[in-house]
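So you can see what is in the structure, the chains are spelled out below.
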Amino acid sequence: MKQYNRKLAAALVAFALAIGLLTGCSGKGDGDADKLSAAVVGERIGQAVSLNDMKQGDAKKLQKLYHIDAEDVEDFVLYTATSNVKADELAVIKVKDKNQVESVKAKLLQRIDAQTVKFKDYRPEEYFLIEKHVLKTKGPFILFAVSQEADRMERAFDEAFSL
């Protein structure tokens, strides 16, 4: 009987070690987010939703809309509506330092406030999209989405870190 208990104990220890090793190797945690680029995350979002009705923005647009200098971030992807009567926007921003996340989020919140004032009485259907915006972070990444498909954009953003 003692020999059986020893074998069982050894098997349980081996099983626990195997589970520990497998757990350490599975999935992408926050640390793996550092290895991704905003372009890759933006591409994953573009695979999930059509961005054809939007135009890609550059560093000047990033500065104009959000008062963020491109030199202050590691990488970004920006799409905006093709017309100023539409509220659609998508921004994926990767900051150089995680300590910048809150200040960048604050600038995006200022944009939400400005767009709210602009569209509230003028274009109620666009105002609704602004009210239902997505603003979230994952490690050094910030997602800002204003779109009828903002929920799908958010899902694709989340999935980009789990692949």
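Rules of the game
Chains are numbered independently. Their residues run from 1 in the order of the written sequence. It should be noted that, the model being predicted, local features are given only for residues of pLDDT at least 70 and side-chain atom pairs only at 80 or more, the latter also being counted only at that level, while totals for whole chains, interfaces and linings use all residues. Side-chain measures here rest on the full set of heavy atoms in the structure, leaving out hydrogens and waters. Each helix is a run of H or I in the DSSP string that is no shorter than four residues. Each strand is a run of E no shorter than two, and both are numbered from the N terminus. Type-normalised accessible area, obtained with a 1.4 Å probe on protein chains alone, sets the label of each residue: buried when under 20%, exposed when over 50%, and partly exposed for intermediate values. We call two residues in contact when some of their heavy atoms are within 4.5 Å. Only protein atoms enter the 1 Å grid used here. Points where a 1.4 Å probe fits but cannot escape make up a cavity, open sets with protein on both sides within 12 Å along at least five of seven lines make up a pocket, and a residue lines them when an atom lies within 4 Å of a point. Grid points are joined across faces, edges and corners, and a volume is the space filled by probe spheres set on the points. Residues are grouped as follows: Ala, Val, Leu, Ile, Met, Phe, Trp, Tyr, Cys and Pro are nonpolar; Asp, Glu, Lys and Arg are charged; all remaining types, including Gly, are polar. What pLDDT reports is the predictor's confidence in each residue, on a scale of 0 through 100. Think of it as the arc spanned by the lines of direction from the helix axis to the C-beta atoms.

Draft legend 1. Up close: the side chain of Arg 111. Checked against the element boundaries, Arg 111 lands in helix H5 (residues 101-119). For Arg 111, a relative accessible area of 14% puts it in the buried group. Dropping the residues within four chain positions of it, Arg 111 is found in contact with Leu 65, Tyr 66, Glu 89 and Phe 144.

Draft legend 2. Local environment of the layout of surface pockets. A volume near 290 Å³ is recorded for the largest pocket. Asp 53, Lys 86, Asp 88, Ser 147 and Gln 148 are the residues nearest the centre of the largest pocket, which is lined by 16 residues in total. Of the residues forming the lining of the largest pocket, the biggest block, 4 residues, is contributed by helix H6 (residues 124-131). If you add up the space inside the second largest pocket, you get close to 220 Å³. Along the wall of the second largest pocket there are 17 residues; nearest its centre are Lys 61, Ser 83, Asn 84, Arg 111 and Lys 118. Among the secondary structure elements, those contributing two or more residues to the lining of the second largest pocket are helix H4 (59-66), strand S2 (73-81) and H5. Per-element accounting of the lining of the second largest pocket gives the leading share, 4 residues, to H5. Looking at the lining of the second largest pocket residue by residue, the classes come out as 4 nonpolar, 5 polar and 8 charged.

Draft legend 3. Representation of the confidence of the model for the protein in the model. Averaged over all residues, the pLDDT of the protein equals 84, while 79% of them reach at least 70. Below a pLDDT of 50 lies the segment residues 8-31, which in the model reaches 5 contacts outside its immediate sequence neighbourhood of four places, other chains included.

Draft legend 4. How the structure looks around H6. Considered for burial, the residues of H6 that qualify are Glu 126, Tyr 127, Leu 129 and Ile 130. Taken end-on, H6 shows its buried residues confined to a sector of 155°, consistent with a single buried face.

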